[in-house]
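Residue-level listing of the chains:
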Amino acid sequence: MRPTDFSISTSPLPEWMRLFLVAAMLDFLRRISQTALEHVNQVCWITISFEDDDTCYNWILHWLSKHPSWHEARSVQVTTRTFGVPLQAVTTPEQVTREGAARTLSYMPSTQAKHTMWFKGYYAVIRRECQQPDEYSRRESIHISILTRNNSIVDQLLAEAKQFYVDAQNDAVSIYVQDNRSWTPRAWRQVASRPKRPLKSIILERGIKEKLLNDARRFLGSAEWYAERGIPFRRGYLLYGAPGSGKTSVIQSLAGELGLDVYVLTLNRAGLDDSTLCQLVAELPRRCIALIEDIDAAFFQSVSRRTPGGDDSGHNEGVVSLGKGGDKRDAAQCRVSLSGLLNALDGIASQDGRILFATTNHYAALDPALTRPGRMDLHIEFKLADKDQAEELFFRFFIPSGEENEDGGGNLCGDDGNTDIGVIYLPPSPPLTPTSTEKLVAEDTPHTATENAENQRIRLRGMAKQFARAVPDRQLSMAGLQGYLMLYKDHPVDAVRNVAAWVEQEIGGNTFALRLYE
Ligand SMILES: Nc1ncnc2c1ncn2[C@@H]1O[C@H](COP(=O)(O)OP(=O)(O)OP(=O)(O)O)[C@@H](O)[C@H]1O
């Protein structure tokens with residue numbers, strides 16, 4: 001008998017069983033070490049995750065893009081995304097850009113590799129993941145694992161990232177819209193960050209801006225007052241009137257003054273129904289401006305008095321229509337009922353510090369239930385431009401930057417935004433009233449470096465008055481006038497010289513529009 005035969009025959013177990021036992025043992029050891037590793041990981045690492053449908057995703061991306069560790073990174077993704085902060089705040093370390101300041105590049109973690117960095121002396125590993133659950137949507141997330149047992153490090157990281165972001169946002173208003181990357185919109189996504197627009201750049205009838213600003217400020221500061229009296233802490237503003245009269249602009253400007261972000265609710269968004277609308281509203285932050293633009297158009301396209309799935313043939317409860325044509329596909333896809341919208345409006349206003357703004361060009365077409373006090377507390381009409389507005393627009397358009405505050409004349413609206421409705425007028429500028437364009441042009445010698453700034457303002461005020469004389473009261477929109485002035489950006493004299501002809505042409509061609517809004 002050979003030795004090998006002997007060993008086989010003397011073993012109490014067959015060969016296959018011994019192999020099985022060895023494999024089982026190895027697997028057991030692997031599992032144990034894996035569990036032990038997981039345990040060590042759990043004990044030694046803290047992982048924080050950020051999903052791209054949440055605002056903090058932008059904070060963290062922006063913070064990472066600025067972190068010095070990207071200088072040494074071996075694999076980074078270059079992006080023109082601004083992470084919701086003003087463009088100038090987002091830069092590569094070397095300010096690399098091919099197209100000048102218009103498209104600034106920044107770095108973000110690549111999805112291809114893990115990144116490592118040090119945060120306050122702690123080692124951190126960063127992973128960025130992208131998923132595409134279906135062809136309509138794409139989800140991103142970032143996971144930061146820090147080698148520490150100290151939870152306060154996480155707090156410090158979050159605080160630093162947020163502060164970074166807030167600093168970059170300092171002079172901007174963030175605009176959020178429904179997240180359109182999924183078929184049913186439920187979440188908000190930041191789409192833009194606009195520079196704060198100074199309230200003084202919006203020229204309205206006397207007292208309107210101040211009324212809005214003071215009312216909103218008083219409201220935001222009176223939570224306790226409402227609570228003590230058991231009155232729902234809500235405030236809604238309906239801005240209605242001519243297109244291009246400054247409704248949207250004033251909301252953006254107020255948002256900047258009040259330090260609130262703007263959440264734009266688009267009711268005729270495909271896929272939106274009563275329940276997703278309520279979910280969206282529930283996702284609004286505590287202090288913000290919720291904006292429904294052209295609320296009448298939303299009615300027409302998508303909002304019906306009947307409940308979704310109700311009887312289409314009902315005579316009294318039919319679709320609210322303004323009598324315009326429309327997109328049947330949208331109407332079919334949007335299933336927001338009037339009662340759903342009313343519930344949503346109450347929801348918007350029901351939580352602390354939310355302010356609702358709605359705009360419309362068709363005030364009369366709105367259902368009284370929508371506009372009743374408690375839902376829309378202040379209704380403010382925006383009219384076509386009057387002569388005072390035209391004059392002020394001209395003056396502000398051409399005054400050199402930084403000098404407008406020194407002008408005393410014709411300040412229509414009390415610019416600091418803090419005055420109450422009684423607006424303080426500064427003394428008018430000295431009279432300068434050229435009676436004809438020819439005279440004005442003759443007087444308009446080129447500006448010289450030595451020309452006194454005060455003289456420039458006086459001259460400009462004179463031109464503004466002459467411009468306003470040619471603009472008929474309440475027949476042209478401020479947007480239209482602004483568009484005209486843009487043609488003469490550096491030529492105020494030409495703007496005055498040609499305004500009469502332009503007005504004639506505009507009014508001749510716009511009689512339909514005028515009839516509509518007069
Ligand atoms: N009262 C105003 N003062 C200064 N600029 C104005 C004013 N009204 C309109 N504009 C200018 O016209 C443009 C359009 O204004 P805006 O979008 O605010 O008008 P709107 O009333 O919201 O129009 P719509 O009803 O069509 O939405 C903006 O660029 C804005 O600067």
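Since we're looking at a predicted model, the values are computed, not measured.

## Remarks on the overall build of the protein
Right, on to step 1. On a plain count of helices and strands, the protein comes out with 18 helices and 15 strands.
Right, on to step 2. Counting over 518 residues, the protein shows a buried share of 32%.
Right, on to step 3. For the protein, long-range pairs separated by at least 24 residues make up 75% of all intrachain contacts whose partners lie at least 6 apart in sequence.

## Concerning the nonpolar core
Right, on to step 1. Among the nonpolar cores identified, the biggest contains 72 residues, and Y263, I289, L291, F357, F394, F467 and L481 are the most heavily contacted of them.
Right, on to step 2. Among the elements that line this core, the one with the most residues is helix α13 (residues 387-398), at six residues.
Right, on to step 3. Viewed by domain, this core spans two of them, domain 3 (176-382) and domain 4 (387-517), each represented by three or more residues.
Right, on to step 4. The residues touching F467, leaving out its near neighbours within four places in the chain, are A390, E391, F394, A495, V496 and V499.
Right, on to step 5. Within the second largest apolar cluster, 18 residues are counted, among which are F50, L157, Y165 and A168.

## Some points on unusual backbone geometry
Working note: non-glycine residues mostly have negative phi, and peptide bonds are mostly trans.
Right, on to step 1. One non-glycine residue, D294, adopts positive backbone phi at about 45 degrees.
Right, on to step 2. Along the polypeptide, D294 turns up in the loop between β11 (288-292) and α9 (295-302).
Right, on to step 3. For D294, a count of 20 C-beta atoms within 10 Å corresponds to the buried category.
Right, on to step 4. Positive phi outside glycine occurs at R474, with the angle close to 55 degrees.
Right, on to step 5. Within the fold, R474 resides in the loop between α15 (453-470) and α16 (478-486).

## Things to note about the sheet that holds strand β5 (residues 122-134)
Right, on to step 1. If you trace the four strands from one edge of the open sheet to the other, you get β1-β6-β5-β4, paired in antiparallel fashion. Unpaired on one side and paired on the other, β1 (45-51) and β4 (115-119) mark the two borders of the sheet. Between one strand axis and the next, the sheet turns through 25 degrees on average, direction left out of account.
Right, on to step 2. In this structure, β1 lies alongside strand β6 (residues 137-147), joined through seven bridges in antiparallel fashion. Paired with F50 across the two strands is I142, which belongs to β6.
Right, on to step 3. Across the face of the sheet, helix α4 (residues 151-168) comes into contact with β1, β4, β5 and β6 while running at roughly 30 degrees to β1.

## Considering the environment of I507
Right, on to step 1. With respect to the helices, strands and loops of the structure, I507 is situated in helix α17 (residues 492-509).
Right, on to step 2. Residue class for I507 comes out partly exposed when judged on the 14 C-beta atoms lying within 10 Å of it.
Right, on to step 3. I507 sits 218 residues away from I289 along the chain, and the two C-alpha atoms are 36 Å apart.
Right, on to step 4. Setting aside anything within four residues of it in sequence, one finds I507 in contact with P472 and Q475.

## Observations regarding the site of the ligand
Right, on to step 1. The ligand sits among 16 residues. The nearest are P243, G246, S249, M478 and A479.
Right, on to step 2. Among the secondary structure elements, those contributing two or more residues to the shell around the ligand are α7 (247-258) and α16.
Right, on to step 3. The residue makeup of the shell around the ligand, split by class, is seven nonpolar, eight polar and one charged.
Right, on to step 4. The residues that make up the shell around the ligand include at least three from each of domain 3 (176-382) and domain 4 (387-517).

Cut-offs applied
Residues numbered from 1 in each chain as written. Predicted model: local features only at pLDDT ≥ 70, side-chain atom pairs only at ≥ 80, totals over all residues. Helix = DSSP H or I, 4+ residues; strand = E, 2+ residues; numbered from the N terminus. Buried ≥ 20, exposed ≤ 12 C-beta atoms within 10 Å, placed from the backbone. Contact = placed C-beta atoms within 7 Å. Core = buried A, V, L, I, M, F, W, Y, C linked by C-beta atoms within 7 Å. Domains from an automatic or database assignment. Pairing = 2+ DSSP bridges. Axes fitted to C-alpha atoms, helices over the stretch in contact; angles between N-to-C directions. Near = placed C-beta within 6 Å. Nonpolar A, V, L, I, M, F, W, Y, C, P; charged D, E, K, R; others polar.

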